[in-house]
Amino acid sequence: MSAFFPDPEELAGLPVTRLAPLLRDKEVSPVELMDAVFRRIEDLQPSLNAFITLCPETALAGARDAESEILAGRYKGPLHGIPFSVKDLTLTAGVRTTMGSKLFEHVVPERDAVAVARLKEAGAILVGKTTTPAFGHKPLTEGLLFGRTLNPHDASRTCGGSSGGAAVALASGQAPLALGSDGGGSIRIPAACCGVAGLKATLGVIPNLQAPDLFGANSYVGPMARSVADTALAFDAIAGFDARDPYGQGVAPEAPRPRLQDLKIGWLPRVGNEVLDRACLAAADAAVRHLESLGASVEEAEIDFVALEEAFLILLQSLLCARLDKDLIERPECFEESLAKTVQAGRQWTAADLQRANAERSRAFTEVQELLQRFDILLSPTLAAPPLPVEQDPHADVVIEGRAAGRIRAGWYPYTYPFNLTGHPGLAVPFGHEEGSGLPLSVQLVGPWHSEALLLHLGDVLQQAAP
């Protein structure tokens with residue numbers, strides 16, 4: 001094999017859909033690709049800070065093995081030899097997994113998470129662990145362990161979170177694929193902030209065995225990439241039955257995939273939030289109108305997701321309190337202020353509060369199911385505003401276009417966290433940029449359980465038509 005692209009930056013920035021045939025046809029070596037990726041990381045890590053841990057030696061050894069396998073005719077498929085990153089909340093065998101926290105700074109797991117193992121089985125190669133706020137507790141990527149990760153589009157704006165490092169690495173060409181995780185929008189928020197694609201799949205479709213309460217799970221591992229088409233390739237590799245996941249039992253029924261001409265879209269410009277940035281509204285409206293121009297029918301729909309905020313906070317804060325309260329008492333120096341506040345807030349909730357929150361979760365599921373009896377998909381902005389200022393306090397109200405918009409969840413990302421509670425799949429699709437600032441804009445597609453194929457198809461249609 002010999003280098004097909006003499007410019008390493010060009011090679012590192014190619015999508016998987018371009019790289020895969022080059023690797024398969026021996027026009028590019030996996031070693032050349034890996035060298036290009038690590039040169040890119042070396043250039044950008046000091047400024048963007050997307051990684052907590054890198055593993056260049058094992059990655060290059062994996063690239064050499066992939067090269068030998070491809071030369072010997074043992075090509076495994078489109079992910080063979082493709083570099084990928086993993087958010088540092090997800091277990092990786094032999095590579096430290098810090099949870100973004102000084103509490104776990106030196107922890108090295110013995111086994112891979114299911115999604116990591118499946119990407120490796122498909123031939124993909126781990127390059128490192130990306131930054132995340134401690135335990136993914138906020139939608140801004142910064143922490144005591146690693147500092148702050150910067151948005152490559154504008155360093156004065158957040159890259160989002162909690163899969164912020166993954167999104168930044170993708171957007172800046174430091175790896176073509178990533179695994180993120182999503183407990184309330186943590187894949188879709190940074191994808192929107194950085195202009196990449198990210199999928200939170202149906203509950204149980206991508207097994208996630210790290211949750212302490214598997215039956216009450218609302219956190220998901222999922223694929224991220226620069227394009228929806230690349231995201232689909234990764235999803236195909238990591239989705240599927242695992243007997244250890246209570247929501248992944250049996251073979252999921254494949255949701256029907258209507259033709260574009262027959263598609264019924266529920267348009268959700270607002271979900272109980274009064275404040276919406278005009279650029280985010282315009283981008284989502286343009287996406288809806290594009291699908292309408294292809295034959296889909298569109299009807300504006302209503303649902304109140306802002307009312308779910310307290311239930312979501314009860315679940316999040318009580319979980320982190322149960323997990324970390326003892327550590328906060330014994331090792332307070334390992335906690336940044338925002339995490340300490342979250343754990344302390346969890347102390348107020350009772351068992352009755354938790355039961356009430358779970359009842360609200362069930363109610364939300366029923367309401368979304370009723371909407372999806374009328375519509376094939378739901379389309380909304382991913383966020384109510386472009387990336388917030390990098391100094392945003394996650395416990396303070398957000399301001400959108402000069403107006404107070406409430407707390408950060410109901411104010412900025414009311415479109416994402418409800419679907420963590422209901423289990424429905426959600427896909428963030430990059431769709432243009434804000435005029436003037438150039439900040440990325442994004443739309444979210446949501447469908448019935450197990451409708452990932454439809455969402456990914458429509459997301460690809462939209463991304464190709466994006467301004």
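What counts, and where the lines are drawn
- Residues numbered from 1 in each chain as written.
- Predicted model: local features only at pLDDT ≥ 70, side-chain atom pairs only at ≥ 80, totals over all residues.
- Heavy atoms only, no water.
- Axes fitted to C-alpha atoms, helices over the stretch in contact; angles between N-to-C directions.
- Helix = DSSP H or I, 4+ residues; strand = E, 2+ residues; numbered from the N terminus.
- Parallel < 35°, antiparallel > 145°, perpendicular 65-115°, else oblique.
- Left-handed = near helix turned anticlockwise from the far one by under 90°.
- Contact = heavy atoms within 4.5 Å.
- Nonpolar A, V, L, I, M, F, W, Y, C, P; charged D, E, K, R; others polar.
- 1 Å grid on protein atoms, 1.4 Å probe; cavity = no way out; pocket = protein on both sides within 12 Å on 5 of 7 lines; lining within 4 Å.
- Points joined across faces, edges and corners; volume = space filled by probe spheres on them.
- Expected span 1.5 Å × (residues − 1).
- Buried < 20%, exposed > 50% of the residue type's maximum accessible area, 1.4 Å probe, protein only.
- Salt bridge = Lys/Arg side-chain N within 4 Å of Asp/Glu carboxyl O.
- Phe/Tyr/Trp six-rings, centres within 6.5 Å; stacked < 30°, edge-to-face > 60°.
- Pairing = 2+ DSSP bridges.
- Disulfide = S-S within 2.5 Å.
- Core = buried A, V, L, I, M, F, W, Y, C linked by side-chain atoms within 4.5 Å.
- Right-handed = clockwise from strand over helix to strand, strands pointing away.

1. Things to note about the packing of helix H10 (residues 309-330) against helix H12 (residues 351-374)
- H12 packs onto H10 with a crossing angle of 130° between their chain directions and a minimal axis gap of 9 Å. Accordingly, the angle class assigned to the pair H10 and H12 is oblique. H10 and H12 meet at a crossing whose hand is left-handed. Packed against H10, whose contacting residues are Glu 310, Ala 311, Ile 314, Leu 315 and Ser 318, the element H12 presents Asp 353, Leu 354, Arg 356, Ala 357, Asn 358 and Glu 360 at the interface.
- When its residues are assigned to classes, the contact of H10 with H12 shows 5 nonpolar, 2 polar and 4 charged.

2. Looking at empty space enclosed by the protein
- Considering all chains together, one arrives at 4 cavities of 30 Å³ or more under this definition.
- Empty space within the largest cavity amounts to approximately 90 Å³.
- As for the largest cavity, its lining consists of 14 residues, and the residues nearest its centre are Leu 203, Gly 204, Asn 208, Ser 219 and Asp 245.
- The residue makeup of the lining of the largest cavity, split by class, is 9 nonpolar, 4 polar and 1 charged.

3. Things to note about helix H15 (residues 452-465)
- Helix length check: H15 (14 residues) gives 20 Å between terminal C-alpha atoms against 20 Å at 1.5 Å per residue, within 8%.
- All buried positions along H15 are accounted for by Glu 452, Leu 454, Leu 455, Leu 456, Leu 458, Gly 459, Val 461 and Leu 462.
- Residues of H15 that are buried sit in contact with strand E7 (197-200), helix H8 (228-238), helix H9 (278-293), strand E11 (377-381), strand E14 (426-433) and strand E15 (440-446).

4. Side note on the environment of Ala 134
- Considering the arrangement of structural elements, one finds Ala 134 in the loop between strand E3 (125-130) and strand E4 (142-143).
- Overall, the relative accessible area of 4% leaves Ala 134 in the buried class.
- Measuring from C-alpha to C-alpha, the distance between Ala 134 and Leu 144 comes to 8.4 Å, with 10 residues separating the pair along the chain.
- Ala 134 has contacts with Met 99, Gly 100, Ser 101, Glu 336 and Leu 339, leaving out every residue within four places of it along the chain.

5. Topic: the layout of surface pockets
- Of the voids in this model, the largest pocket is the one considered here, and its volume is about 890 Å³.
- Lining the largest pocket are 40 residues, with Gly 183, Pro 212, Asn 218, Ser 219 and Leu 319 positioned closest to its centre.
- Only strand E6 (177-182), H10 and H12 provide two or more residues apiece to the lining of the largest pocket.
- Top element by residues in the lining of the largest pocket is H10. It accounts for 7 residues.

6. Describing helix H11 (residues 337-346)
- In terms of burial, H11 is largely enclosed, as 7 of its 10 residues are buried.
- Inspection of H11 places Ser 338, Leu 339, Ala 340, Thr 342, Val 343, Ala 345 and Gly 346 among the buried residues, and these make up the whole buried set.
- Packed against the buried residues of H11 are H10.

7. Observations concerning the pattern of salt bridges
- Tallied over the full model, the rule gives 22 salt bridges.
- Note that Arg 244 is salt-bridged to Asp 242, the shortest N-O span being 2.8 Å.
- Through salt bridges that share partners, Lys 138, Glu 142, Arg 148, Glu 336 and Glu 391 make up one connected network.

8. Quick look at the packing of aromatic side chains
- Here the structure, examined in full by the defined rule, presents 6 aromatic pairs.
- Between Phe 312 and Tyr 417 the ring centres are 5.0 Å apart and the planes differ by 45°, which places this aromatic pair in the tilted class. Placement of Phe 312 in helix H10 and of Tyr 417 in the loop between helix H13 (408-412) and helix H14 (418-422) is noted, with a sequence separation of 105 residues between them.
- Taking the relative accessible area as the measure of exposure, Phe 312 reaches 4% and is therefore buried.

9. Notes on the sheet that holds E15
- The mixed open sheet is built from 11 strands, whose spatial order is E1-E3-E2-E6-E8-E7-E14-E15-E11-E9-E10. Two strands bound the open sheet, and with one partner strand each, they are strand E1 (51-54) and strand E10 (297-300). Between one strand axis and the next, the sheet turns through 25° on average, direction left out of account.
- In terms of strand pairing, strand E2 (residues 83-87) meets E3 through 5 bridges, oriented parallel. Along E3, the bridge assignment pairs Lys 87 with Thr 130.

10. As for the state of the cysteines
- This structure, assessed with the given rule, holds 0 disulfides.
- Left unpaired, Cys 280 is separated from the closest cysteine sulfur, that of Cys 193, by 9.4 Å.
- By relative accessible area, which is 7% here, Cys 280 ends up buried.
- You can see Cys 334 has no disulfide; the closest cysteine sulfur is in Cys 321, sitting 17 Å from it.
- Look at Cys 334 and you get buried, because its relative accessible area is 10%.

11. Focus on the nonpolar core
- Counting residues in hydrophobic clusters, the biggest one holds 147 residues, and the most contacted among them are Leu 291, Phe 335, Leu 379, Trp 412, Leu 445 and Leu 462.
- In contact with Leu 291, not counting residues within four places along its chain, are Leu 260, Ile 265, Ala 296, Leu 379, Leu 458, Val 461 and Leu 462.

12. What to know about the pairing of E2
- Counting buried positions along E2 yields 5 of 5 residues, so the element is predominantly enclosed.
- What you see with E2 is no split at all: Pro 83, Ser 85 and Lys 87 on one side and Phe 84 and Val 86 on the other are buried throughout.
- Following the chain from E2 across helix H5 (residues 114-121) to the adjacent parallel E3, one finds a crossover that is right-handed.
- As paired strands, E2 and E6 are joined by 3 bridges and run parallel to one another. Looking across to E6, one finds that Phe 84 is bridged to Leu 177.

Just distances and angles here, no functional claims.
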